[in-house]
Amino acid sequence: MFFSGDSSTRKRVDLGGRSSKERDRQKLLEQTRLERNRRWWLRQQNSAALRIQKCFRGRKAVEAEHAKVREQFFTTYGRHCQNVDRHSFGPDSEFLRQLLFFFDARNVGDFSALVETCRLLQNFVRDSGDAVNLFAGMDYSSKNALVDYRVKQLAYACIQAVHQNRNQFKGQLLMTSDEPSSPTILLLEAVVMLLDSKLPWVCKIVGHLLQRNTYSLLREIVLTAKESVETYSTGRVPSLECLLTILISHVGQNHCICPIIDPRWSFSSQILTIPFLWALFPYLKEVFMRRGLSEHYIHQMALCVQNHTNVLPDDISADFPGYACLLGNILETASVFFSQPDCSLDMAIDIAAVMTFLLQALPPMKSSNRESKENSSGGEDEMAVGDEIMEKVVSRDLEQQISNAIDPRFLLQLTNALFGGISLINHLCEEGPDDREVAAIGAACAFLHVTFNILPLERIMTVLAYRTELVPLLWKFIKRCHENQKWSSLSEQLAYLSGDMPGWQLPLAVFCPVYKHMLTIVDNEEFYEQEKPLSLSDIRCLIVILRQALWQLLWVNPAMPPNLMKPAPEVTSHRGHPIEFTQQRVSIVTAELLSQLQDWNNRRQFAPPSYFHADAVNEYFISQAVIENTRAYTILKQAPFLVPFTSRVKIFTSQLAAARQRDGSHSVFTRNRFRIRRDHILEDAFNQLSVLSEDDLRGLIRISFVNEFGVEEAGIDGGGIFKDFMENITRAAFDVQYGLFKETADHLLYPNPGSGMIHEQHLQFFHFLGTVLGKAMFEGILVDIPFATFFLSKLKQKHNYLNDLPSLDPELYRHLIFLKHFEGDLSELELYFVIVNNEYGEQTEEELLPGGKNIRVTNENVITFIHLIANHRLNFQIRQQSTHFLRGFQQLIQRDWIEMFDEHELQLLISGSLDGLDVDDLRSNTNYAGGYHSEHYVIETFWEVLKSFTLENQMKFLKFVTGCSRGPLLGFKYLEPLFCIQRAAGSASEEALDRLPTSATCMNLLKLPPYRSKEQMATKLLYAINADAGFDLS
């Protein structure tokens, strides 16, 4: 067949490879599926419609039957029950059956009928005195099922009626039985009468009410009543309170057979979450605090806590959350529980567990400014970054209720209740702790740890440190767990609180801050001689445990990335990250305690310095420590004592070198040169250098000296003259004769509190001297200035305490310690909260507290007095001078550079080692030039002569050749450039040998003629180093 030109006759081909029959099959299957779904949906609609219609018809039939029976009831008994007699309540009467069948609390007529029924019921029972006979006749045993059913329904109907009409009668809800005309009182009193403990059906009624969630109805009734009451009555007990009292006192009794109900509808969840419940119902509080009753409800709550069950109702409002209301009510009664001599350990553990769980959800108190503001840098807590957690605000009154309840007396009772039993059982036990001890310790630590993050610490720490045995008991527990490796048992006991947290973290989180606080108050005699509260051997063991724990937290297993591990003054994310928060908190308090123990060890060594050093610090660690956001960097900032001192000095010198190199290129074009008169060095330096900017101070400064004749001294300042200038100006400025500084009995320097009486510009001078010291450290120049430790702490912006006072005024310290241990009546000594300052014969009196001249020192406030005295002398008197000195110092030395050193190490950075000149170290790091070598006879003679010098002459020699009397802190290997001895006078002629040795301090170079004898060399060297001729010898 030939092509006709008609394309419609061409055969169609499916490129997908499917035939048209296959396409038709898929379409048919899809249509069938949709049709099947449509038919299923129609069946569902028809079924639902039938159920709705059935329900509607049933409800309509019931309502019709209710209306019919209601009409019969009112016809028979009257609208106001005027035809009712005592026989109407009997088992054969239709009165109660009909009333309970049609009763609707929303119906006014039904409500009135029920009220009248209750009024008649009370009258009949009052007349006969026998409620059982009224309901059951003469034979209760044969009619008990019917009677029990009716009284159960009647009791619930009364409560339901009060609940439904609570807003209408809100002013009557808290009335007493003295108001018999009130409908609500008639209804409530009827229930109270039916719940008489002597009646046979009481347990069945209570069980029925609890199963019908009656506490939720009573909760809403109480909340409505609270709205209408401005002042709470202190007279007779309201009927509503009587009803609650009967209900709670029935449950948990030995004869009770009530079924166990859902905790969500229990008394604890529904009623105890009402704010300020005990102020409204004081009698209910009295009943609740009965031992067996309180133990039952507290144990119920503890079980819910352990099972992580949320059973609390919806919050009343945002500022009255249920957990806070429950906490406030429990705390008000907890102190009574703990004060009872027969308070069981199990009860104490349950209370602590419940309070801990509730406290965890509580936001920090507004008045709780964490004391870490003194010990840690500010900034926002970055743990909560990314969390969508809205800040919760609790009512001020509710916050006050909680804060007032956790007072020193309560903490004392809590710790005594938890630790009292275990201290006797395990006092001499060397084995690991048993389960009861673990439970008690765990409950106490969990509660206190959460409390530390919620309440102001100043209210808590002193009582825990001095009025409880927490520190020694907790230490014994920690020590035994550490020795026996029993930490896992604590983790298991506290799984509901701490999750997968290691068992040692919570005890350390509590022990460390309490012991740290104790160390700020303990005096030197108690710590070193009496060894209280811990022996020195125990403290050495404690240092090892803390060091290992801190290394584990910061290096082995950090909880979060290092850049997020910043200590914050207020950490509020413990709800969102409980494990991470606790781990961070433990690392902070452990580091703070170890730092404080290191300070005590520096005052009088009781442990080798290596006890504080981590074992795993190596070159890799050092290289990482200078890189931000690494674990090593975090350790260096938070726990620098874990790193050996020499390693930290290397890091510090590398930081200084980097800063000098960074500022060096900028300073080449802004170089400053000054002419300084040697006999007016301080005034000239102050006038010329004080005007320099921070950039200029960091740059090169060159000095030319002018001698007493007005002639500029020889020598070009390549760095050596500047070193000499720094050493001389510090010697002049810090001389006590100048009046800016004073000396302690140990000849250590600190700012003169009366400096303003000598120098009008004393604060500007302190700023300048801070700059001078900062410049010396910045350039790596050691200066011989022995500062007092309590003044060096100001460079680290730390606070001084009582144990720092002996270095300033040992006599005052002895007097204060005498007062601390005085056994008589201190008020007889006629001491007041004032201190007398005596500066240059001028006496002034200052109050230590507002109105202090009228506050007498007593045995109760003597500790406060002692620490206020110490604070005044160590911190307050020198605060202005220290502040200005620090400002000048920080112009060149950043705070984080010296944060890694303690005060004693800082003194070494400033002045170098006090051990003298290590001649062998200098010899092994010396270069030779001009024909000299290490085995040359002149060189051999030189080293012998130098070794024979006194320490003073050795330091003078070192200054002669380097410009500084002290060598580098890490040894002469780090002297830049290395010390060099160059041959002077090419020939060995008599004229050449008569020359004195000279130096170029900028190059650390000694130009030494080839003296022939040991005596000649010693004479020439001593003359040169003692000539005090400035740089003229050069």
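Counting of residues starts from 1 at the beginning of each chain's written sequence and follows it residue by residue. Per-residue local features of the predicted model are confined to residues with pLDDT of at least 70, and side-chain atom pairs are confined, for both listing and counting, to 80 or more; whole-chain, interface and lining totals are unaffected and use all residues. With hydrogens and water excluded, all non-hydrogen atoms of the structure serve as input to the side-chain values.

**Brief notes about the overall build of the chain**
Helical segments are the DSSP runs of H or I of at least four residues, strand segments are the runs of E of at least two, and each set is numbered from the N terminus. Broken down by element type, the chain carries 44 helices and 10 strands. In the chain, which comprises 1034 residues, the proportion classed as buried is 52%. For the chain, contacts bridging at least 24 residues in sequence account for 77% of all contacts bridging at least 6. Roughly 48,900 Å² of accessible area belongs to the chain as shown, and the carbon and sulfur atoms make up 50% of that amount. Residue burial is assigned from relative accessible area. The probe radius is 1.4 Å, only protein chains are included, and a residue is buried under 20% of its type maximum, exposed over 50%, and partly exposed in between. Only heavy atoms enter the contact rule, under which two residues are in contact if any of them lie within 4.5 Å. For accessible areas, the Shrake-Rupley method is used with a probe of radius 1.4 Å. Any residue's cover is judged against the shown protein chains and nothing else.

**So, the packing of helix 14 (residues 322–339) against helix 15 (residues 345–360)**
In a pair of packed helices, the angle between the axes and the distance between the axes together describe the arrangement. Working convention: axes come from line fits to C-alpha atoms, limited for helices to the stretch in contact. Angles between N-to-C directions cover 0 to 180 degrees. One can describe the packing of helix 14 onto helix 15 by two numbers: an axis separation of 10 Å at closest approach and a directional angle of 155°. The angle between the axes of helix 14 and helix 15 places the two elements in the roughly antiparallel class. Remark: the crossing between helix 14 and helix 15 carries left-handed chirality. From helix 14, Tyr323, Leu326, Leu327, Ile330, Leu331, Ala334, Phe337 and Phe338 reach across to helix 15, where they touch Met347, Ala348, Ile351, Val354, Met355, Leu358 and Leu359. The residue makeup of the contact of helix 14 with helix 15, split by class, is 15 nonpolar, no polar and no charged. By the definition adopted for this analysis, an angle is roughly parallel if under 35 degrees, roughly antiparallel if over 145, roughly perpendicular if from 65 to 115, and oblique otherwise. Crossing handedness follows the turn of the near helix against the far one: under a right angle anticlockwise gives a left-handed crossing, and clockwise gives a right-handed one. Only Asp, Glu, Lys and Arg are considered charged, only Ala, Val, Leu, Ile, Met, Phe, Trp, Tyr, Cys and Pro nonpolar, and every remaining residue, Gly among them, polar.

**Some details on the pattern of salt bridges**
Any carboxyl oxygen of Asp or Glu that lies within 4 Å of a side-chain nitrogen of Lys or Arg is treated as forming a salt bridge with it. According to the stated counting rule, one finds 34 salt bridges in the structure shown. Here Asp148 makes a salt bridge to Lys204, at a shortest N to O gap of 2.8 Å. Separated by 56 residues along the polypeptide, Asp148 in helix 5 (residues 140–164) and Lys204 in helix 7 (residues 202–211) bring together distant segments of the chain. Accessibility expressed as a relative area gives 4% for Asp148, which makes it buried. With a shortest N-O distance of 3.1 Å, Glu903 and Lys798 are connected by a salt bridge. Taken together, the residues span a long stretch of sequence, with Glu903 in helix 39 (residues 903–911) and Lys798 in the loop between helix 34 (789–795) and helix 35 (810–820) at a distance of 105 residues. You can call Lys798 partly exposed: its relative accessible area is 27%.

**Digging into the side chain of Thr273**
Mapping Thr273 onto the fold places it in the loop between helix 10 (267–270) and helix 11 (277–280). Think of a polar contact as two N or O atoms within 3.5 Å of one another; within protein, one of them needs to be a possible hydrogen donor and the other a possible acceptor, and neighboring residues in sequence only count if both atoms come from side chains. A polar atom in the side chain of Thr273 sits 2.6 Å from the side chain of Arg219. Apart from the residues within four sequence positions on either side, Thr273 is in contact with Arg219, Ser268, Leu312, Pro313, Ile316, Gly322, Cys325 and Leu326.

**Points about a nonpolar patch on the surface**
In this scheme, patches are assembled from residues that exceed 30% relative accessible area and form no salt bridge. Like charges are connected within 9 Å, while nonpolar side chains (Val, Leu, Ile, Met, Phe, Trp, Tyr) are connected within 5 Å. On the surface, a cluster of nonpolar side chains totalling about 310 Å² of accessible area is made up of Met757, Ile758 and Tyr840. Here Ile758 shows up in the loop between strand 4 (749–751) and helix 33 (762–778).

**Notes on the environment of Tyr156**
Positionally, Tyr156 belongs in helix 5. Considered as a pair, Tyr156 and Val206 are 50 residues apart in the sequence and their alpha carbons are 9.7 Å apart.

**Considerations on helix 7**
In terms of burial, helix 7 is a largely internal element, 8 of the 10 residues being buried. Of the positions making up helix 7, those classed as buried are Val202, Cys203, Ile205, Val206, Gly207, His208, Leu209 and Leu210. Looking at the buried positions of helix 7, the neighbouring elements they touch are helix 5, helix 6 (183–194), helix 8 (214–227) and helix 9 (239–250). Residue Asn213 follows helix 7 closely and has a positive phi angle near 60°.

**Observations regarding the packing of aromatic side chains**
Pairing of aromatic rings covers Phe, Tyr and the six-membered ring of Trp, with a centre-to-centre limit of 6.5 Å; geometry is then stacked below 30 degrees between planes, edge-to-face above 60, and tilted otherwise. Summed over the entire model, instances satisfying the criterion amount to 53 aromatic pairs. Measuring from ring centre to ring centre gives 4.2 Å for Phe686 and Phe765, while their planes differ by 15°; the resulting arrangement is stacked. Residue Phe686 is found in helix 30 (residues 681–689), and its partner Phe765 is found in helix 33; the two are separated by 79 residues along the sequence. The buried category is assigned to Phe686, whose relative accessible area is 10%.

**Points about the packing of helix 25 (residues 536–556) against helix 28 (residues 631–638)**
The geometry of helix 25 relative to helix 28 is characterised by a closest axis approach of 9 Å and an angle of 140° between their N-to-C directions. Put simply, helix 25 runs oblique to helix 28. Every residue of helix 28 that contacts helix 25 at Trp551, Leu554, Trp555 and Val556 is listed here: Arg631, Ala632, Ile635 and Gln638. Split into classes, the residues belonging to the contact of helix 25 with helix 28 amount to 6 nonpolar, 1 polar and 1 charged.

**Observations regarding the nonpolar core**
In terms of nonpolar packing, the biggest core is built from 283 residues, with Phe135, Trp201, Phe511, Tyr515 and Phe725 touching the most fellow members. Excluding residues that lie within four positions of it along the chain, Phe135 makes contacts with Phe89, Gly90, Pro91, Leu96, Leu121, Val147, Val151, Leu154, Leu194 and Trp201. As used in this record, nonpolar core signifies buried Ala, Val, Leu, Ile, Met, Phe, Trp, Tyr and Cys residues forming a set joined through side-chain atoms within 4.5 Å.

**Describing unusual backbone geometry**
Trans peptide bonds make up the majority, and among non-glycine residues the majority have a negative phi. Omega for the peptide link from Lys532 to Pro533 comes to 0°, which places this bond in the cis form. Position of Pro533 relative to the elements: it lies in the loop between helix 24 (524–529) and helix 25. In the Ramachandran plot, Phe276 falls in the positive-phi region, its phi being about 55° despite a non-glycine side chain. Within the fold, Phe276 resides in the loop between helix 10 and helix 11. You will see that Asn629, though not glycine, has its phi angle at about 65°, which is positive. Structurally, Asn629 is set in the loop between helix 27 (619–625) and helix 28.

**Side note on the sheet that holds strand 9 (residues 998–1000)**
Paired through their backbone hydrogen bonds, the strands of a sheet run either parallel or antiparallel. By this definition, two strands are paired if DSSP reports at least two bridges between them. Pairing is mixed in the open sheet, where 4 strands are placed in the order 7-8-10-9. The open sheet has two edge strands, strand 7 (926–929) and strand 9, and neither has a second partner. Taking each pair of neighbouring strands and ignoring which way they run, the sheet shows an average axis angle of 25°. As paired strands, strand 9 and strand 10 (residues 1005–1008) are joined by 3 bridges and run antiparallel to one another. Across the sheet, residue Ser999 finds its bridge partner in strand 10, namely Leu1006. Its contacts with the sheet put helix 41 (residues 937–948) on strand 7, strand 8 (979–983) and strand 10, and the angle it makes with strand 8 is roughly 130°.

**Section: the confidence of the model for the chain**
pLDDT runs from 0 to 100 and stands for how confident the predictor is about each residue. Averaged over the chain, the pLDDT score is 84; the fraction of residues at 70 or greater is 86%. Below pLDDT 50 for its whole length, residues 367–390 participates in 48 contacts with residues either more than four positions away or in separate chains. Low confidence marks residues 665–670, where pLDDT is under 50. Its contacts with residues over four positions away, or in another chain, come to 6 contacts.

**Here we look at helix 41**
Every helix has an expected span of 1.5 Å times one less than the residues it contains. Between the first and last C-alpha of helix 41 there are 17 Å, a value that for 12 residues agrees with the 16 Å anticipated at 1.5 Å per step. If you check which residues of helix 41 are buried, you get Val938, Ile939, Thr941, Phe942, Trp943, Val945 and Leu946.

**Looking at the environment of Phe778**
Considering the arrangement of structural elements, one finds Phe778 in helix 33. Under the relative-accessibility criterion, Phe778 is labelled buried at 0%. Each C-alpha atom of the pair Phe778 and Gln894 lies 10.0 Å from the other, and the pair is 116 residues apart in sequence. Contacts of Phe778, omitting those with residues within four sequence positions, involve Leu656, Ala659, Arg660, Asp663, Arg698, Leu892, Ile893 and Trp897.

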